[in-house]
Amino acid sequence: MPANKKLLILPGDGIGPEVMREVRRVIDWMSRRRAISFDMEEGLVGGAAIEAEGSPCPDATVEKAMAADAVLFGSVGGPRWDSLPFDKRPELGILRLRKDLGLFANLRPALVLDALVDASSLKADIVRGVDIMVVRESTGGVYFGEPRGVEILPDGKRRGFDTDVYHEDEIARVARVAFDLARKRRRKVTSVEKANVMQSGRLWRAVVGEIHKAEYADVELENMYADNCAMQLCSRPKQFDVILGNNLFGDVLSDLAAALTGSLGMLPSATLGAVDPVTGKRHALYEPIHGSAPDIAGKGIANPLAQILSFAMLLRWSFALDEDATLLETAVAKVLAGGLRTADIMQQGMARVGTSVMGEAVVREL
Ligand code: ATP
Ligand code: MG
């Protein structure tokens, strides 16, 4: 009997708890029908944690996250906490978790489901069949590099600066995540940088090339300048399998790739930490791309599929339950093919449903 899988659920604020309720139905089904035993705990994060504990990420939540095999995160924030000072905001909840768990590789799939392609749209032929995974380095680079700041010069003018700095080990570990992913997909990695004009980009290209040659010769590696990649994503996105980029380029290109798919309410993500050499354990957090959507919270109309697909990523990446992950992803695709739509992805001639009907439909399809 394999050990139970320790799962921490952090619903958070706004539509977070609403869409998490639908994931729980899926988990119930998986436990009963696939005999997967989860040890589930729930924790407080974001505004919900501020109300209960006075902090957006209480120590108890961090401790639970450290002890868990995987964290399923909802979303945080809302107008109720908008006037709090910067260092007290609900968003700090997720920032602290990313930092304390050392989550350096952000995985964002951009998958265009056939059922959602609007055949009358000009871009239909361009996006149909797109299946991209963007791997973004998320703890280094220009967002964190020192020195940084805005200084006043002797003549009174201001000068702003940031530092794009990467250690080769930081590049190597995120490159390995991308290559490992590619092996489970179509075996192609496109590594993006600006090696033509940036020194950190030159190092990035060199290190990715070395890792490729030494450890992943079975995967195709293509180097591409980030600006060219942006253009190619818009004009010929189907050429991409895995896109690997630093914090800045990965941020921009993953949003661009997401726009190809059309809906925020459909997109999951994962952030992975390092593999512990002793225990073999790797911290990981899974969350939808969307936020707490205060404008629709409490109305029962949020699309639960991004949260459900985040759970599918969790099954695949934290528990190596590839078959179950695929089963769940297929069920989602079939529900959409059957014509059910939440408001955010509504199309003519389809049946509009709310959050819980969509969740129930996925379980029925399973
Ligand atoms: P954050 O800063 O946390 O990313 P945000 O304000 O940028 O939040 P969201 O909270 O994701 O963005 O909301 C953006 C828009 O998308 C809102 O109009 C929201 O209602 C809509 N939206 C987001 N998620 C969903 C969902 N799961 N289902 C339906 N609509 C959604
Ligand atoms: Mg946002």
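Residues numbered from 1 in each chain as written. Chains lettered and ligands numbered in written order. Predicted model: local features only at pLDDT ≥ 70, side-chain atom pairs only at ≥ 80, totals over all residues.

Under an unreviewed UniProt entry, the name given to the chain is 3-isopropylmalate dehydrogenase, and the source organism is Roseomonas nitratireducens. Under the Subunit (unreviewed entry) heading, UniProt states for the chain: "Homodimer." Looking at the chain in UniProt, the text filed under Function (unreviewed entry) is "Catalyzes the oxidation of 3-carboxy-2-hydroxy-4-methylpentanoate (3-isopropylmalate) to 3-carboxy-4-methyl-2-oxopentanoate. The product decarboxylates to 4-methyl-2 oxopentanoate." (UniProt positions renumbered as here; feature names shortened; annotations may be inferred.)

Digging into the overall build of the chain
If you tally the helices and strands in the chain, you get 12 helices and 14 strands. Since a compact globule built from 366 residues should have a radius of gyration of about 21 Å, the 21 Å found for the chain is in line with a globular shape. The dimensions of the chain, computed from C-alpha atoms along their principal axes, are 60 × 50 × 50 Å. Looking at the chain residue by residue over its 366 residues, the buried ones come to 42%. (Helix = DSSP H or I, 4+ residues; strand = E, 2+ residues; numbered from the N terminus. Rg over C-alpha atoms; globule rule 2.2 N^0.38 Å. Buried ≥ 20, exposed ≤ 12 C-beta atoms within 10 Å, placed from the backbone.)

Remarks on the environment of Gly14
With respect to the helices and strands, the residue Gly14 is situated in the loop between strand E1 (5–12) and helix H1 (16–33). For Gly14, a count of 29 C-beta atoms within 10 Å puts it in the buried group. Distance in space between the C-alpha atoms of Gly14 and Ala302 is 10.0 Å, their sequence separation being 288 residues. If we skip the residues at most four places from it in the chain, Gly14 touches Ser75, Gly78, Ser292, Ala293, Pro294 and Ala297. (Contact = placed C-beta atoms within 7 Å.)

Looking at the environment of Glu329
By the secondary structure assignment, Glu329 is in helix H11 (residues 322–337). In this structure Glu329 comes out as buried when scored by C-beta crowding, with 20 C-beta atoms within 10 Å. Between the C-alpha atoms of Glu329 and Gln199, which are 130 residues apart in sequence, the distance is 41 Å. When near neighbours in sequence (up to four residues on either side) are disregarded, Glu329 contacts Leu309 and Ala312.

A few points about the nonpolar core
By size, the foremost hydrophobic cluster in this structure holds 97 residues, and its most contacted members are Val71, Leu72, Val135, Ala178, Ile243, Tyr286 and Ile308. For this core, the element with the most residues is helix H10 (residues 305–319), which contributes 10 residues. Not counting the four nearest positions on each side in its chain, Ile308 is found in contact with Glu22, Val23, Val26, Leu328, Val332 and Val362. (Core = buried A, V, L, I, M, F, W, Y, C linked by C-beta atoms within 7 Å.)

A short note on the sheet that holds strand E9 (residues 220–225)
Strand order in this open sheet of 10 strands is E2-E1-E3-E12-E11-E4-E5-E10-E8-E9, and the pairing throughout is mixed. At either margin of the open sheet sits one strand with a lone partner, and together these are strand E2 (38–42) and E9. Strand-to-strand twist in this sheet, taken as the mean axis angle between neighbours without regard to direction, amounts to 20°. Bridge count between strand E8 (residues 188–193) and strand E10 (residues 242–245): 3 bridges; the pairing is parallel. Bridge pairing in E10 links Ser191 to Leu244. (Pairing = 2+ DSSP bridges. Axes fitted to C-alpha atoms, helices over the stretch in contact; angles between N-to-C directions.)

Some thoughts on the packing of helix H6 (residues 168–184) against helix H7 (residues 199–215)
Axis angle and axis distance: for two packed helices, these are the angle between their axes and the distance between the axes, and together they describe the pair. At a closest axis distance of 9 Å, the pairing of H6 and H7 adopts a crossing angle of 50°. Accordingly, the angle class assigned to the pair H6 and H7 is oblique. Like other packed secondary-structure pairs, H6 and H7 cross with a definite hand, here right-handed. Residue-level inspection shows Glu168, Ile171, Ala172, Ala175, Arg176 and Phe179 of H6 in contact with H7, the latter providing Leu203, Trp204, Val207, Val208, Ile211 and His212. Across the contact of H6 with H7, the residue classes tally to 9 nonpolar, 1 polar and 2 charged. (Parallel < 35°, antiparallel > 145°, perpendicular 65-115°, else oblique. Left-handed = near helix turned anticlockwise from the far one by under 90°. Nonpolar A, V, L, I, M, F, W, Y, C, P; charged D, E, K, R; others polar.)

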